[in-house]
Amino acid sequence: MDATENRTSVAAAGTAAATHPPAAVASAEPFVNLRDPAKRLGPDGKPAVSRRAPIWEDVPDEKWNDWRWQLSNRVNTLEELERVLNLTEDEREGLSAPDKFRVDVTPYFASLIDPDDPNDPIRLQVIPKGQELRAFTGMMEDSLAEDRHSPVPGLVHRYPDRVLMLVTTQCATYCRYCTRSRIVGDASQNFNRAEHEAQLDYIRRTPQIRDVLISGGDGLTLAPKLLESVMRGLREIPHVEIVRIGSRVPVFLPQRVDDELCEMLAKYHPIWMNLHFNHPNEITPEVARAADMLTRAGVPLGNQSVLLAGVNDCVHIQRDLVHRLVENRIRPYYLYQCDLVEGAGHFRTPVGKGIEILEGLRGHTSGYAVPMYIVDAPGGGGKIPVMPNYLISYSDHKVVLRNYEGYITTYEEPPTYTAHDSANCAYCRNPRPEPGQEGITGLLDGKKMWIEPAGFELTHARGNEEAHRLQDPSKWIAYGIGAIEGQAGAPLPVLGDGAGAAAGSGADAAGSGADAAGSGADAAGSGAEPSSAAAAAGGYGPGEEPRPAEGMPTGSANHELL
């Protein structure tokens, strides 16, 4: 049963129910929720199932519904795929390429493809084309610079309080636009138990990490005992609050979501899971039942889509997709701009297409059904949200806004405002440390007055190696901006060459995320006032000099304190 048949069957059932008064239905038989996708029935009165390709029609149901059988019988060669699809010349070229990114498609997912439609949206995502081999401007092997932000193999620490833990390079099926195609699908690049332990050890020794995302590859392809050992290892670390799993297995292989998996996950809450649907055709009755099992096990579900030319670059497709997602209790979370990764050039759209899609969703559907549109910054800058501009203008007393219809309104600003008292706020005085990564919020919080690009000081020295008599650094210290005395917390432990490495010893910034400017912890970030020795050694970054203590001199003239 395809997506159109599913919707038709629900509509017919709803019409039939409407012809009976509610009381009569209640007295005749127990209420059946016809809107619940997980309870959808097929024409035979049994749970609905999706289409099965003719070459697998004779496979017994017990095998077809066994996730291990699905993984063991994936199709990957030109000859095998020809038995399922009528291939185009472009697809033959892609499948014949000697250095192509790995191809593997589960029988279940291959069966969802229209064998005669070369533009089938599922087919475009998993069947290679010759176009993959063509280079394009900006293309990179590691477009997000994940390996640049990797203190140990397989662990990416880009944001202050969370890390990405790559536990495998294997997937159930391989997306042709995969951002990690540099390692994914390559068994020789796979991560072993020793590397899992090194990842866990880094997390243990980096207490600002509160959120760990398990991905890969796809963690749900791991042997159950190995996956549980990773989950248990994380749950034994006291400062890890949240464990997230990013997986496309429930899309490619919903049979993997069984009682054993759900019972295991439920032991290690709080757990969140983000899935990856790109098109409504991927949401089948089997997927609906898998999502239902996960949510009943207490796992909140989100979805991350990628904007793909020819697949979902249409506001009407996207609207149907998000509606089908929320119907299955899956929250649309991100819509990603396609990364500048090798092989993905023919999938890319202008960023303007993503903004157009958001314009067509906001106000035209429920707010919780609208994902954030994200450009994951090339070079490793992280996720940047992009959206239509709803702010038309503003002044010191009025803001001018527009809504999705073009309705223009104003919001009157308050003439007076008593600012939040950060000096007496326990949260402000004890912030979670983000050493060296405060960014824009550091400017807003008054920890810095400016951020300099790398090499700024060297460039503007213009070859001058020693400061001359007019170059007194105190001239560009901003009064009242910088570290605040009395707000220092305990310095963070950092990774070093041995067990003796400790905070405050000039720690390795790359290993701990800490600013190693003299103390191993970012003085401005923690609110600490570094020692005078550290200051004399140039321990302050630009704009980070400490605020003078109450009653202390605030300037100098002729080298004398005032």
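Refer to the structure printed above.
The written sequence of each chain sets the order in which its residues are numbered from 1. Whole-chain, interface and lining totals are the exception, using all residues; otherwise, since this is a predicted model, local features are given only for residues with pLDDT of at least 70 and side-chain atom pairs are given and counted only at 80 or more. Remark: hydrogens and water are excluded; side-chain values derive from all non-hydrogen atoms of the structure.

Undergrad: Just checking my understanding: could you explain the overall build of the chain for this structure?
TA: In this description a helix means any DSSP run of H or I spanning at least four residues, a strand means any run of E spanning at least two, and both kinds are numbered starting from the N terminus. Within the chain one finds 21 helices and 14 strands. Out of the 562 residues belonging to the chain, those deemed buried represent 44%. Any two residues whose heavy atoms approach within 4.5 Å are treated as being in contact. Intrachain contacts of the chain at a sequence separation of at least 6 include 72% that bridge at least 24 residues. Method for areas: the Shrake-Rupley scheme with a 1.4 Å probe, in which residue coverage is limited to the protein chains shown. Carbon and sulfur atoms make up 54% of the accessible area of the chain, which totals about 28,900 Å². Residue burial is assigned from relative accessible area. The probe radius is 1.4 Å, only protein chains are included, and a residue is buried under 20% of its type maximum, exposed over 50%, and partly exposed in between.

Undergrad: Where do I start with helix α10 (residues 224-235) in this structure?
TA: The α-helix advances 3.6 residues per turn, and as a result positions three or four apart in sequence lie on the same side. When the terminal C-alpha atoms of α10 are compared, their 16 Å separation across twelve residues agrees well with the 16 Å that a helix rising 1.5 Å per residue should span. All of the buried residues in α10 are Leu 226, Leu 227, Val 230, Met 231, Gly 233 and Leu 234. Burial along α10 is one-sided: seen end-on, the buried residues are contained in an arc of 160 degrees. Those residues of α10 hidden inside the fold are in contact with β2 (162-166), α9 (193-204), β3 (211-215), β4 (242-246), α12 (259-266) and β5 (271-275). Each helix should span, by expectation, one fewer than its residue count multiplied by 1.5 Å. In this description, one arc is meant: the one made by directions from the helix axis to the C-beta atoms.

Undergrad: Just checking my understanding: could you explain the packing of aromatic side chains for this structure?
TA: Two measures describe an aromatic ring pair: the distance that separates the ring centres and the angle between the ring planes. Note on aromatic pairs: the rings of Phe, Tyr and Trp (six-membered ring only in Trp) are paired at centre separations within 6.5 Å, and the planes decide the class, stacked below 30 degrees, edge-to-face beyond 60, tilted for the rest. Scanning the model with the defined rule gives seven aromatic pairs in all. With 4.8 Å between their ring centres and 85 degrees between their planes, Phe 109 and Phe 252 make a pair best called edge-to-face. A residue pair is termed long-range when its members are at least 10 positions apart, and Phe 109 in helix α7 (residues 107-110) and Phe 252 in helix α11 (residues 249-252) qualify at 143 residues. Accessibility assignment for this pair places Phe 109 and Phe 252 in one class, buried. Ring geometry for Tyr 334 and Tyr 336: centres 5.3 Å apart, planes at 70 degrees, overall edge-to-face. A relative accessible area of 11% places Tyr 334 in the buried class. The exposure class assigned to Tyr 336 is buried, which follows from its relative accessible area of 13%.

Undergrad: Would you mind showing me how to read the environment of Ser 72 here?
TA: The residue Ser 72 is located in helix α4 (residues 67-72) in this model. Polar contact is the term for a pair of N or O atoms within 3.5 Å; when the atoms are in protein, one must be able to donate a hydrogen and the other to accept it, and sequence-neighboring residues count only if both atoms are side-chain atoms. Looking at Ser 72, its side chain comes within polar contact range of the main-chain oxygen of Arg 68, at 2.9 Å.

Undergrad: I would appreciate a short explanation of the pairing of strand β9 (residues 382-386) in the present structure.
TA: Side-chain direction in a regular strand flips from residue to residue, so the side chains alternate between the two faces of the sheet. Two strands pair under a simple rule: DSSP has to find at least two bridges between them. Looking at chain direction, strand β8 (residues 372-377) and β9 are connected through five bridges and run antiparallel. What sits directly across from Val 375, in β9, is Ile 384.

Undergrad: Would you mind showing me how to read a nonpolar patch on the surface here?
TA: Patch construction takes residues with relative accessible area above 30% that form no salt bridge. Like charges are linked within 9 Å, and nonpolar side chains (Val, Leu, Ile, Met, Phe, Trp, Tyr) are linked within 5 Å. In the sections that follow, a salt bridge refers to a side-chain nitrogen of Lys or Arg positioned within 4 Å of a carboxyl oxygen of Asp or Glu. Side chains of Leu 391, Tyr 394, Leu 401 and Tyr 411 sit close together on the surface and give an oily, nonpolar patch of about 420 Å² of accessible area. Note that Tyr 394 resides in strand β10 (residues 391-394). Relative accessible area serves as the criterion here: at 60%, Tyr 394 is assigned to the exposed category.

Undergrad: Hey, could you run me through the environment of Ala 48 in this one?
TA: Assignment of secondary structure puts Ala 48 in the loop between α2 (22-28) and α3 (61-64). The spacing of Ala 48 and Pro 37 is eleven residues in sequence and 9.5 Å in space, taken between C-alpha atoms.

Undergrad: How should the sheet that holds strand β12 (residues 408-412) be read in this particular structure?
TA: Strand order in the open sheet formed by three strands is β10-β11-β12, with antiparallel pairing between adjacent strands. Each end of this open sheet is capped by a strand with a single partner; those strands are β10 and β12. The mean angle between the axes of side-by-side strands here comes to 20 degrees, regardless of whether they run parallel or antiparallel. In terms of strand pairing, strand β11 (residues 398-402) meets β12 through five bridges, oriented antiparallel. Bridge pairing in β12 places Val 400 opposite Thr 410. Lines fitted to C-alpha atoms define the axes, with helix axes restricted to the stretch in contact, and inter-axis angles between N-to-C directions lie between 0 and 180 degrees.

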